[in-house]
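# Coordinate analysis (summary)
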Amino acid sequence: MSGADVVTGALCMALTGLGLVIAVQKARQRRFLNATRWTAAALFPIGLYLTGLGTLGRRVGSAAADWATDLAFGIKAWGGVAILAFAVMLLMITRMIGRRNPESTGTAASSSADLSALMGGAGASGSGGGVGGADGALPGGRQPKPAAAPRSRRGARGAVDDEFAEIEELLRKRGI
């Protein structure tokens, strides 16, 4: 048993003793529910020490302190912090640019070409006049199917139908 383990054990016993003293005071004040809670809380430190979790916690705390010391005073660690900050900054910049112009990512054109190939068209530069065409039609003369739900039923489903109509219109404009 090392000196640190002895100190950890003494600290756990002291915390347990302090908690039990407070529990006895609460019991004398006839606050028995509160006294029971303090007793339960007071038994945790000694239980953690006897199971070895107190020692584990001390070792984890020591390792965290060593890491923080190396981070604060190590040149290598500051280089890593700088690289991580640069990576996060790049991700934030690309996310902002992608929100402003969604077609600048390069994936929109390739995904629409893949979609037109799946739909049976000739690709992005096929006979349909491009992906969207001049009139917004899909490549290969295909038109999207109308909504499955009849539009005559308004009421609770009216808002849902309107949302689907907006989505259909957006897809039609994009040529999907």
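Residues numbered from 1 in each chain as written. Predicted model: local features only at pLDDT ≥ 70, side-chain atom pairs only at ≥ 80, totals over all residues. Heavy atoms only, no water.

Looking now at the overall build of the chain. Each helix and strand counted, the chain has six helices and zero strands in total. Ordering the α and β elements of the chain from the N terminus gives α-α-α-α-α-α. Looking at the chain as a whole, 17% of its 176 residues qualify as buried. In the chain, the share of contacts with a sequence separation of at least 24, taken over all contacts with a separation of at least 6, comes to 36%. Surface summary for the chain: the accessible area is close to 13100 Å², and the carbon and sulfur share equals 67%. (Helix = DSSP H or I, 4+ residues; strand = E, 2+ residues; numbered from the N terminus. Buried < 20%, exposed > 50% of the residue type's maximum accessible area, 1.4 Å probe, protein only. Contact = heavy atoms within 4.5 Å. Areas by Shrake-Rupley, 256 points an atom, 1.4 Å probe, with all protein chains shown as cover.)

The subject of this paragraph is the packing of helix H1 (residues 3-28) against helix H3 (residues 53-73). Where H1 meets H3, the closest approach of the two axes is 10 Å, and the angle between their N-to-C directions is 115 degrees. Between H1 and H3 the crossing geometry is right-handed. Listed contacts from H3 to Ala4, Asp5 and Thr8 of H1 are Gly54, Thr55 and Arg58. In the contact of H1 with H3, the residues fall into one nonpolar, three polar and two charged. (Axes fitted to C-alpha atoms, helices over the stretch in contact; angles between N-to-C directions. Left-handed = near helix turned anticlockwise from the far one by under 90°. Nonpolar A, V, L, I, M, F, W, Y, C, P; charged D, E, K, R; others polar.)

Turning to the pattern of salt bridges, a few remarks are in order. Applying the stated criterion across every chain yields a total of three salt bridges. We note a salt bridge from Glu169 to Arg172, for which the minimum N-O separation is 3.1 Å. Placement of both Glu169 and Arg172 in helix H6 (residues 158-174) is noted, with a separation of three residues, approximately one turn of the helix. Judged by relative accessible area, Arg172 falls into the partly exposed class, the value being 32%. (Salt bridge = Lys/Arg side-chain N within 4 Å of Asp/Glu carboxyl O.)

In this section: the packing of helix H2 (residues 32-51) against H3. Where H2 contacts H3, the two axes come as close as 4 Å, and the packing angle between them is 85 degrees. With respect to their mutual orientation, H2 and H3 come out roughly perpendicular. Residues Leu48, Tyr49 and Thr51 of H2 lie in contact with H3, whose contacting residues are Leu53, Gly54 and Thr55. (Parallel < 35°, antiparallel > 145°, perpendicular 65-115°, else oblique.)

Attention shifts here to the confidence of the model for the chain. On average, the chain scores 78 in pLDDT, and the residues at 70 or more come to 66%. In the model of the chain, helix H5 (residues 107-119) stands out as the element of lowest mean pLDDT, 55, in contrast to H2, which has the highest, 94. In the predicted structure, residues 123-134 sits below a pLDDT of 50 and forms 16 contacts with residues beyond four places in sequence or in another chain. (pLDDT = per-residue confidence, 0-100.)

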